[in-house]
Amino acid sequence: MFGLIGAEANCIATEKRILSSMTPKIVEKDGELMMSVDTPGGSTIITSVLQTI
């Protein structure tokens, strides 16, 4: 869908675990918590985090 080509290690198969795609972020301003952000995994991680912040 996004034009990314997966590698053999990422192929869906029985008895395999999914790769982790977690990106929790804590944003501070002047030493104070401003927000915490997390996004769904996949090919849109970086874009989603930047758009949210």
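This one's a predicted model, so the numbers in the text were calculated from it and none came from an experiment.

Q: I keep staring at the environment of Lys-25 and nothing clicks. Help me out?
A: One can find Lys-25 in strand E1 (residues 25-29). In the structure, Lys-25 is positioned twelve residues away from Val-37 in sequence and 5.1 Å away in space, judged by C-alpha atoms. Ignoring anything within four residues of it in the chain, the contact list for Lys-25 reads Met-35, Ser-36, Val-37 and Val-49.

Q: Help me understand unusual backbone geometry, please; the structure alone is not making it clear to me.
A: Phi is mostly negative for residues that are not glycine, and the peptide bonds are mostly trans. A positive phi is found at Asp-30, a non-glycine position, where the angle reads about 55°. Positionally, Asp-30 belongs in the loop between E1 and strand E2 (32-37).

Q: Looking at this model, I keep getting lost on the side chain of Thr-39. Mind explaining?
A: In this structure, Thr-39 sits in the loop between E2 and helix H1 (45-52). Residue contacts for Thr-39: discarding those within four places in its chain leaves Thr-23, Ile-45, Ser-48 and Val-49.

The rules behind these values
Residues numbered from 1 in each chain as written. Predicted model: local features only at pLDDT ≥ 70, side-chain atom pairs only at ≥ 80, totals over all residues. Heavy atoms only, no water. Helix = DSSP H or I, 4+ residues; strand = E, 2+ residues; numbered from the N terminus. Contact = heavy atoms within 4.5 Å.

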